[in-house]
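Residue-level structure breakdown
Residue-level listing of the chains:
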Amino acid sequence: MTLLLQDQEIRGLFDMEDAIKAMREAFQEYARGTTANQTRNVYTIDSSTQDLNYISNIICGASSDKSMAIARIGSNLVWKGPKGEGSATRREYRPKKPRDMSLIFCYSLETGELEAIMQNVHLSDIRVGATTALAIDHLSRKDSNTLGILGSGPQARVSLEGILKVRPIKKAKVYSPNEERRTSFAQRMTDEFGIDVIPAKNTKEAIRGVDILSSNTNTLSQPVFEGSMLEPGQTIVTISNSDPVAFRAEADEQVFVR
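So, a few notes on the structure that sits alongside this text.

About the thresholds
Residues numbered from 1 in each chain as written. Predicted model: local features only at pLDDT ≥ 70, side-chain atom pairs only at ≥ 80, totals over all residues. Heavy atoms only, no water. Helix = DSSP H or I, 4+ residues; strand = E, 2+ residues; numbered from the N terminus. Buried < 20%, exposed > 50% of the residue type's maximum accessible area, 1.4 Å probe, protein only. Contact = heavy atoms within 4.5 Å. Areas by Shrake-Rupley, 256 points an atom, 1.4 Å probe, with all protein chains shown as cover. Phe/Tyr/Trp six-rings, centres within 6.5 Å; stacked < 30°, edge-to-face > 60°. Core = buried A, V, L, I, M, F, W, Y, C linked by side-chain atoms within 4.5 Å. Salt bridge = Lys/Arg side-chain N within 4 Å of Asp/Glu carboxyl O. Expected span 1.5 Å × (residues − 1). Polar contact = N/O pair within 3.5 Å; in protein donor to acceptor, adjacent residues only side chain to side chain. Axes fitted to C-alpha atoms, helices over the stretch in contact; angles between N-to-C directions. Parallel < 35°, antiparallel > 145°, perpendicular 65-115°, else oblique. Left-handed = near helix turned anticlockwise from the far one by under 90°. Nonpolar A, V, L, I, M, F, W, Y, C, P; charged D, E, K, R; others polar. Pairing = 2+ DSSP bridges. Arc of directions from axis to C-beta.

It is worth spelling out the overall build of the chain at this point. Assigned secondary structure in the chain consists of seven helices and 13 strands. Out of the 258 residues in the chain, the part that is buried amounts to 42%. Looking at the chain alone, contacts between residues at least 24 apart form 65% of all its contacts between residues at least 6 apart. Counting only carbon and sulfur atoms, one obtains 51% of the accessible surface of the chain, whose full area is about 14300 Å².

Okay, the packing of aromatic side chains next. A ring pair, where both rings are aromatic, is described by two values, the distance of the centres and the angle of the planes. Taken as a whole, this structure holds one aromatic pair when the rule is applied. The interplanar angle of 45 degrees and the centroid separation of 6.3 Å between the aromatic rings of Tyr 43 and Tyr 54 together place this pair among those described as tilted. With Tyr 43 in strand 3 (residues 41–46) and Tyr 54 in strand 4 (residues 52–63), this pair connects stretches of sequence that are 11 residues apart. You can call Tyr 43 partly exposed: its relative accessible area is 39%. With a relative accessible area of 24%, Tyr 54 lands in the partly exposed category.

Positioned with a positive phi, Ser 67 is a non-glycine residue whose angle comes to about 55 degrees. By the secondary structure assignment, Ser 67 is in the loop between strand 4 and strand 5 (68–73).

Attention now goes to the nonpolar core. Core analysis: the largest hydrophobic core is formed by 26 residues, its most contacted members being Leu 147, Ile 149, Leu 160 and Val 197. At the level of elements, helix 2 (16–32), helix 3 (121–139), strand 9 (146–150), helix 4 (154–166), strand 10 (171–175) and helix 5 (179–193) are the ones that each hand at least two residues to this core. Excluding residues within four positions of it along the chain, Leu 147 makes contact with Leu 160, Ile 163, Ile 169, Lys 171, Ala 172, Lys 173, Val 210, Ile 212 and Ser 214.

With that settled, the discussion passes to the pattern of salt bridges. Counting across every chain of the model gives 13 salt bridges. Between Arg 24 and Asp 137 there is a salt bridge whose closest N-O contact spans 3.4 Å. You can see Arg 24 sitting in helix 2 and its partner Asp 137 sitting in helix 3, a full 113 residues away along the chain. Residues participating in the shared-partner salt-bridge network are Lys 21, Glu 25, Glu 29 and Lys 66.

A few words on helix 2. Under the 1.5 Å per step criterion, the end-to-end length of helix 2 is 24 Å for 17 residues, consistent within 8% with the ideal 24 Å. All of the buried residues along helix 2 are Met 16, Ala 19, Ile 20, Met 23 and Glu 29. In this structure, the buried residues of helix 2 make contact with strand 2 (35–37), strand 4, helix 3 and helix 4. The distance from a side-chain oxygen at the start of helix 2 to the backbone nitrogen of Glu 17 is 3.2 Å, and the residue carrying that oxygen is Asp 15. Phi for Gly 33, located one or two positions after helix 2, is positive at around 80 degrees.

Below, the discussion takes up the packing of helix 2 against helix 3. Helices that pack against each other are described as a pair by the angle of their axes relative to one another and the distance between those axes. The N-to-C vectors of helix 2 and helix 3 enclose an angle of 70 degrees; their axes lie 8 Å apart at closest approach. Relative to helix 3, helix 2 is oriented roughly perpendicular. Taken as a pair, helix 2 and helix 3 cross one another with a handedness that is right-handed. Contacts between helix 2 and helix 3 involve Met 16, Ala 19, Ile 20, Met 23, Arg 24 and Phe 27 on the former and, on the latter, Ile 126, Arg 127, Gly 129, Ala 130, Thr 131, Ala 133, Leu 134, Asp 137 and His 138. Among the residues making up the contact of helix 2 with helix 3, the classes are represented as nine nonpolar, three polar and three charged.

This part covers the sheet that holds strand 13 (residues 235–238). Two pairing modes exist for strands in a sheet, parallel and antiparallel, and in both the strands are linked by backbone hydrogen bonds. With respect to topology, five strands assemble into an open sheet ordered 11-10-9-12-13, the strand pairing being parallel. Strands at the two margins of the open sheet, each flanked by one partner only, are strand 11 (196–199) and strand 13. The average angle at which neighbouring strand axes cross in this sheet is 20 degrees, direction not considered. Of the strand pairs in this sheet, strand 10 and strand 11 are connected by four bridges, and their pairing is parallel. Residue Lys 173 lies in a different strand from strand 11, and its bridge partner there is Ile 198.

For the rest of this paragraph, the subject is the side chain of Ser 140. With respect to the helices and strands, Ser 140 occurs in the loop between helix 3 and strand 9. Its relative accessible area of 6% is what places Ser 140 among the buried residues. In this structure the side chain of Ser 140 is engaged in a polar contact, spanning 2.7 Å, whose partner is the backbone oxygen of Ile 136. Polar side-chain contacts of Ser 140 include one of 2.9 Å to the side chain of Arg 167. Contact partners of Ser 140, with chain neighbours within four places excluded, come to Ala 135, Arg 167, Ile 212 and Thr 235.

The terminal C-alpha atoms of helix 5 lie 21 Å apart, and with 15 residues this matches the ideal 21 Å at 1.5 Å per residue to within 8%. Three or more residues of helix 5 are buried, namely Arg 182, Phe 185, Ala 186 and Met 189. Along the axis of helix 5, the buried residues cluster in a sector spanning 100 degrees; they form a single face. When the buried face of helix 5 is taken as reference, the exposed residues oriented beyond 90 degrees from it are Glu 180 and Asp 191. If you follow the buried residues of helix 5, they end up packed against strand 9, helix 4, strand 10 and strand 11.

Structure below.
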């Protein structure tokens, strides 16, 4: 019998520590050559709903060690431009709950049977946050205790949560273009995680003096920070820039040169 798991059920079963452990094991399995890791398939087409595009993001892979094959079928609606006007510079999802209609299909490598179908919202967010945490755990200084955050959406929250699991962060600064959103985010994160999170007035202020910078924005082609803004010894993590299929650019080339 196929197991059906809704997002709320998954949230009660799988937390950030679980996700970091699972991603650590997945990267180790990949290094051993016991995984299949297919390039994602992304396509976009006009939606019949005015001013929206339909976007599908399909990811498939398998683990011999876990005896499981997975297919994630992404399904979202995004604005063609800022509220339908002009060329899009940011990926703005249609304001709908659940915001992500994607599903994950889990197949047994032993029987070929479909063992589970799961909603994707929590798993998608937490997977990215756990990957960020692993990068920070391996690359940043062990005594890093200050954090700059760019973006104030769901990915910014899970990035903060993941980094807090691997580094003794005492203070964080957050910047996003909408003052109300960044202020609200700072207060919510302070209350949730018990550290001092303050809103920054601009990108440079968010970057200045921090040990780690985590960029989690919805920009498409316009970099939100530049290499000239960075200081020696900082560790930078960005959720974009590295995907050859769905290219997005949060950082300019000088960031990578530095």
